[in-house]
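Secondary and tertiary structure notes
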Amino acid sequence: MMPRRSLFLLAAGLLLGATPALAHPSRPGATKPDWAFQQSDLAPEAGYRFGKLPNGMRYVIRRNATPAGTALVRMDVATGSLDEGPQERGFAHFVEHMAFNGSTHVPEGEMIRLLERNGLSFGADTNAQTGFEQTLYMLDLPRADPALLDTALMLMRETASELTFTPEAVARERGVVLSELRDGQGYQRANLEDQLAFLYPHATYPARLPIGTVATLDAATADALRSFWARHYVPANATLIVIGDFDADAVEAAIQARFASWQPAPVAPRPDQGKVDRAQKGRTEVWLDPALSERVTASRHGPWLDEPDTIASRRTNLLRQIGYGVINRRFQRMSRKVDPPFRGAGFGTGDVFRIGRTTNLVVDTVDGGWQRGLAAATTALRQALDAGFTPAEIDEQVANIRTGIENAAASADTRGNGTLVQAALGLVRDETVPTDPAGALARFNAFAPRITPRAVLAALKREALPLDDPLIRFQGRTTPSGGDKAIRQAWNTAIRASAGLPETGPSGAFAYTDFGTPGAVVSDSTEPAFGIREIRFANGVRLNLKRTSLETDRVQVRLSIDGGEMLDTRDNPLATEMMAMFSAGGLGKHSQDDLQTLLAGRSVGGGIATGGDTFYSGVTTTRRDLEAQLQYLAAQVTDPGYRPEGEVLYRQNIANFFARYRATPSAALANTLGGLLSDDDPRFTLQAPAAYQKLSFADLRRTVSDRLANGAMEIALVGDFDEAQAIALVARTFGALPAREAEFREWDVQRQRPFTTTRGLRVIRHQGQANQAIVRYVWPTRDDRDPDEAMAIDLLDEVTGIEVLDTVREKLGKSYSPGAQSSLSHVWRGYGTFAIQASVDVADIAATRAALADTVRQLTSTPVDADVLRRARAPMLERIDNALKTNGGWMALAERAQSEPERFDRFRKAKARLEALTPADLLAVARRYLALDKAVQVLVLPEGVDAPPA
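What you see is a predicted model; the values in this text were computed from it and never measured.

1. A short note on unusual backbone geometry
With an omega of -5°, the peptide bond running from threonine 66 to proline 67 counts as cis. Note on placement: proline 67 falls in the loop between β2 (58–63) and β3 (71–77). With a phi close to 45°, aspartate 469 is a non-glycine residue in the positive phi region. On the secondary structure map, aspartate 469 appears in the loop between α15 (453–463) and β11 (471–476). Residue classification places aspartate 469 among the partly exposed residues on the basis of a relative accessible area of 38%.

2. Overview of the side chain of threonine 403
By the secondary structure assignment, threonine 403 is in helix α12 (residues 391–410). Of note is the side chain of threonine 403, whose polar atom sits 3.0 Å from the backbone oxygen of alanine 399. In contact with threonine 403, not counting residues within four places along its chain, are Gly601, Arg602, Ser603 and Arg624.

3. Side note on the nonpolar core
General note: in soluble globular proteins, nonpolar side chains tend to be found buried as a group. Ranked by size, the top nonpolar core spans 75 residues in total, and within it Leu543, Ile715, Leu717 and Phe734 carry the most contacts. Considering each element in turn, this core owes the most residues, eight residues, to helix α18 (residues 626–638). Met98, Leu139, Leu148 and Phe259 belong to the second largest nonpolar core, which has 56 residues in total.

4. What about the environment of threonine 860?
Mapped onto the secondary structure, threonine 860 falls in helix α25 (residues 845–861). Excluding residues that lie within four positions of it along the chain, threonine 860 makes contacts with Leu923, Ala926, Arg927 and Leu930.

5. Some words on the sheet that holds strand β16 (residues 609–611)
Read across the open sheet, the seven strands follow the order β12-β13-β14-β18-β15-β17-β16; overall the sheet is mixed. Of all strands in the sheet, those bounded by a partner on one side alone are β12 (521–526) and β16. Neighbour-to-neighbour, the strand axes of this sheet turn through a mean angle of 20°, independent of strand direction. In this structure, β12 lies alongside strand β13 (residues 533–537), joined through five bridges in antiparallel fashion. If you follow aspartate 524 over to β13, its bridge partner there is isoleucine 535. Here helix α27 (residues 887–894) sits on the sheet in contact with β14 (542–547), β15 (555–562) and β18 (713–719), set at roughly 155° to β18.

6. Re the pattern of salt bridges
Evaluation of the coordinates by the stated rule reveals 80 salt bridges. Between aspartate 140 and arginine 74 there is a salt bridge; the shortest N-O distance is 2.9 Å. Of this pair, aspartate 140 sits in strand β5 (residues 135–141) while arginine 74 sits in strand β3, placing them 66 residues apart in sequence. Its relative accessible area of 22% is what places aspartate 140 among the partly exposed residues. For arginine 74, a relative accessible area of 9% corresponds to the buried category. Its salt-bridge partner being glutamate 193, residue arginine 189 comes within 2.6 Å of it at the nearest N-O pair. You can see arginine 189 and its partner glutamate 193 sitting in helix α6 (residues 187–199), four residues apart, about one turn around the helix. With a relative accessible area of 34%, glutamate 193 lands in the partly exposed category. If you follow the salt bridges from partner to partner, you end up with Glu110, Arg113, Glu116, Arg117, Asp806, Asp867 and Arg871 in one network.

7. Re the pairing of strand β4 (residues 126–130)
Going residue by residue along β4, you find Thr126, Ala128 and Thr130 tucked away on one face and Asn127 and Gln129 left uncovered on the opposite face. Note that β4 and β5 share five bridges and pair antiparallel. Of the residues in β5, the one forming a bridge with threonine 126 is leucine 139. In this antiparallel pair of consecutive strands, β4 and β5, the connection spans four residues.

8. Notes on the sheet that holds β11
Spatially, β7-β11-β8-β10-β9 is the arrangement adopted by the five strands of the open sheet, whose pairing is mixed. The two strands at the open ends of the sheet, each matched to only one other strand, are β7 (284–288) and β9 (344–352). For this sheet, the mean inter-axis angle between neighbouring strands, taken without regard to orientation, is 15°. Pairing geometry for strand β8 (residues 294–302) and β11, over five bridges, is antiparallel. Of the residues in β11, the one forming a bridge with arginine 295 is glutamine 475.

9. What about the side chain of aspartate 568?
Tracing the backbone through its elements, the reader meets aspartate 568 in the loop between β15 and α17 (592–598). Although aspartate 568 is buried, it makes no salt bridge; arginine 683 carries the closest opposite charge, 8.0 Å away. Reaching out from aspartate 568, the side chain makes a polar contact with the backbone nitrogen of alanine 575 at a distance of 3.4 Å. A polar contact is formed between the side chain of aspartate 568 and the backbone nitrogen of threonine 576, at a distance of 2.9 Å. Other than its neighbours up to four places away in sequence, aspartate 568 contacts Pro573, Leu574, Ala575, Thr576 and Arg683.

10. Some points on the packing of helix α4 (residues 146–161) against helix α9 (residues 248–259)
Packed helix pairs are characterised by how far apart their axes lie and by the angle those axes make with each other. At a closest axis distance of 10 Å, the pairing of α4 and α9 adopts a crossing angle of 35°. Crossing hand, α4 versus α9: right-handed. For the pair α4 and α9, contact is made by Leu149, Asp150, Leu153, Met154, Met156, Arg157 and Ala160 and by Val251, Ala254, Ile255, Arg258 and Phe259, respectively. Among the residues making up the contact of α4 with α9, the classes are represented as nine nonpolar, no polar and three charged.

11. Looking at the environment of glycine 531
Looking at the secondary structure, you find glycine 531 in the loop between β12 and β13. Looking at glycine 531, the relative accessible area reads 33%, which means it is partly exposed. Sequence separation between glycine 531 and glycine 482 is 49 residues, and the spatial gap between their C-alpha atoms is 69 Å. Among residues more than four places away in sequence, those in contact with glycine 531 are Thr526, Leu545 and Lys546.

12. Considerations on the confidence of the model for the protein
For the protein, mean pLDDT is 94; residues scoring 70 or higher make up 97% of the total. Contacts for the low-pLDDT stretch residues 1–29, under 50 throughout, to residues beyond four places or in other chains number 103 contacts.

13. Digging into the packing of aromatic side chains
Counted under the stated rule, the structure contains 29 aromatic pairs. Between tryptophan 35 and phenylalanine 50, the aromatic rings sit 5.2 Å apart at their centres with planes inclined by 55°, giving tilted as the arrangement. Of this pair, tryptophan 35 sits in the loop between α1 (4–11) and β1 (48–52) while phenylalanine 50 sits in strand β1; the two residues are 15 residues apart in sequence, bridging distant segments of the chain. Between the aromatic rings of tyrosine 200 and tyrosine 205, the centroid separation amounts to 5.7 Å while the plane-to-plane angle is 45°, which identifies the pairing as tilted. Both residues of the pair, tyrosine 200 and tyrosine 205, belong to the buried class. These aromatic residues form a ring-pair network of at least three members: Trp35, Phe37, Tyr48 and Phe50. In this arrangement the basic side chain of lysine 546 is found over the ring face of tryptophan 890, its NZ or CZ atom lying 4.4 Å from the centre. Arginine 753 extends its terminal NZ or CZ atom over the ring of phenylalanine 684, reaching a point 3.9 Å from the ring centre.

14. Some thoughts on the packing of helix α10 (residues 311–335) against helix α14 (residues 437–447)
One can describe the packing of α10 onto α14 by two numbers: an axis separation of 12 Å at closest approach and a directional angle of 65°. Relative to α14, the element α10 is oriented roughly perpendicular. Considering how the two elements wind past one another, α10 and α14 form a crossing that is right-handed. Each of Ile311, Arg314, Arg315, Leu318 and Leu319 in α10 lies in contact with α14, whose residues at this interface are Arg443, Phe444 and Phe447. Its residues assigned to classes, the contact of α10 with α14 comprises five nonpolar, no polar and three charged.

15. Focus: helix α2 (residues 91–98)
Taking burial as the measure, the eight residues of α2 include eight buried ones, the bulk of the element. Regarding α2, the residues found buried are Phe91, Ala92, His93, Phe94, Val95, Glu96, His97 and Met98. The elements touched by buried residues of α2 are β4, β5, α5 (167–184), α7 (214–219), α8 (222–232) and α24 (787–811).

Conventions adopted
- Residues numbered from 1 in each chain as written.
- Predicted model: local features only at pLDDT ≥ 70, side-chain atom pairs only at ≥ 80, totals over all residues.
- Heavy atoms only, no water.
- Helix = DSSP H or I, 4+ residues; strand = E, 2+ residues; numbered from the N terminus.
- Buried < 20%, exposed > 50% of the residue type's maximum accessible area, 1.4 Å probe, protein only.
- Polar contact = N/O pair within 3.5 Å; in protein donor to acceptor, adjacent residues only side chain to side chain.
- Contact = heavy atoms within 4.5 Å.
- Core = buried A, V, L, I, M, F, W, Y, C linked by side-chain atoms within 4.5 Å.
- Pairing = 2+ DSSP bridges.
- Axes fitted to C-alpha atoms, helices over the stretch in contact; angles between N-to-C directions.
- Salt bridge = Lys/Arg side-chain N within 4 Å of Asp/Glu carboxyl O.
- Lys, Arg positive; Asp, Glu negative; His and termini not counted.
- Left-handed = near helix turned anticlockwise from the far one by under 90°.
- Nonpolar A, V, L, I, M, F, W, Y, C, P; charged D, E, K, R; others polar.
- pLDDT = per-residue confidence, 0-100.
- Phe/Tyr/Trp six-rings, centres within 6.5 Å; stacked < 30°, edge-to-face > 60°.
- Lys NZ or Arg CZ within 6 Å of the ring centre and 35° of its normal.
- Parallel < 35°, antiparallel > 145°, perpendicular 65-115°, else oblique.

So this is what it looks like as structure tokens:
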């Protein structure tokens, strides 16, 4: 059962005005226990080890072997932006950055290099994040090596008590932090800041967003940052978490050896957090931006509910979760009509830290549709709260929750390290007890008979605040006719309107269980090196099986059908565009909404999408639901619904897309680059809005029906299943279909993709902030068919990323996340790109271009430094070693095992190829592809800013 503080995120994730509480304060007059379970009737799951050093630092350890031979190390420091004073805004986040910039025993710049030499990629395996109340440092260890663990603990200890804040390092990192602030600015950030100020004018946190302000970051000195760090980085604020394939006794001894000498210090009190004004009501606001879709939010505030994690509170929160789920399911059903009153709506309640709670009704509408949408959602909400819920609605929610709990219990023994870390963090931050999934299932089964419509409604009403004379906020592109007075009047009218009965869901059963005579197996062999079983049915369908024990009760399913983007042509470049809404069209006998009810309680899902040269579906199910999952996918192939509600949703999304497709630099780049690099080949170029709006499912049916009915098909199953049963299930579904083409087509003509012959400077314009720009260099390379050169280019990509990060971020301090990106196509013959990029201030364009150009000149003139090569190669080798420790890694081999058997040899030789590459090899590849005069230089600039000379 879910703890209450997760409820807001789960049941009403689109609601913005409230933040989940992260920890309980000490009870007045009581000594706060070391762990929340010490004052709860919920016992923590066996396997966790909880400890506390004499200095006050806590730790959580657990041995876990999924994935085998790996581990996660986390240090959670209970300090964040709410601990900042007015002149310290952004300091918690700034300190997090400084943690990678030198300490007593690690020279400046060496921390990342040390980790890279040990196989950890910066960003992917080495990272940190700062929030309102916590700062989290994260190391993902690719191997369970005691020496590597010792290095990780050493670095955590350096961060905890040994950081050095030299003025020079602070000055360099300031530019990086300001770059991160600049990159986050735009219409979404401005909208959020205004919303928080409107809803919480007397609370502190709207003025303490973790990124800080330009003024306070500019004013930050080494002494001021050191003072903040020393005040809050104390043992009693820190919790170390180590979960992975290590002996718990050894880990505990290592933690004690590293951290016992950290001197205790008092915990600094948190500044006043202000308040959530419960009496605040009756105010209306309008916020406009050309990129914002239309939304109306009605809100009321109330006191924070102090509900420690107990069996009783989990039962209450389960009832609330069901209640919010029923209401939001009603909204979802209304949004799926052919003429929907709104695009979406949500209702939920969430904590605002520990100073209050907020109930929100959010309604998203098409432009100009706010009044109709608000009326429909308000009426539906009032009907639910006045009349309650039907047994069928409760049953649907309970079925889905039960399945989730049962699935968690079934796979408990093979949970990944990440799942267990999140449970530990829940205890540390939210005081949620990490309980045994089997125990959770037993408690659910014992309580389920008491889940009634009346109990659900009562629990919901005890938390949800009545939306009497609420705060109302409108956001959109244009002011509603009549302004805020019209909005308030529309609410008052809607709240008094008569409410009808809710719509009922479908009756009956899923209609697609018989696909004809089961298909016969005509070939059955096993690939010897990797043990993937390869089967072919008489109708031509291929089936690849790889049974693993990596995830108990989990089965990954991958379906590939010949076609995909090969059906898009210069004359009809949008032929497969609407495949994005294919599943929204439902099935011939069931709408998408009906399917949600009919399949409630089953781990069944997934649609069919377009990907390169195939139509594909990828989904994870369970052993018991594998049959239903295969039936559902087979029904999509044989009887797609092409229902009009899917077209409506598509057109709504397209309208919003074109309203903001250049609203930020990254959006403008992503939506323009394809056409720029292809000399406006229509297959890779954004078309006029009208071309998208006139698309229909009728057009899509004419385009894809032949491929769905006749295209070569390959299915892969990876995970925990019985092979004989799986073969029989596929035989009764896909194997029973009419004969299909035996081979995937070559598509020789369709696989041609041009790369522009124009070199030099190209400018793309965006409509975002006036100081935001992107510098990108792009070169043509090749496809991925030569495994030796592909590996060399991949390693060059890693090397270039390190060099660009060093020059543009660390030395210049101009960009938060510069990097390199290689993409060797598996679909387009001879096509590939290599790019380097940095998002920078407009004022820094010249310096950034020069730094990037100098980096490229070095790569093409001098062999790569041996240490840089080691730092680039080590994480790649670890990824190869760990690739087959997950079902996803096995699926990469199995999904096209029969039609692309070369994958086996390529993977088998990957490590040797990587280890054999030399600096001379990389120099040769860089010279072959990265000549500066061969690059397309792309600048993404604000409108109205002059482009620099080429």
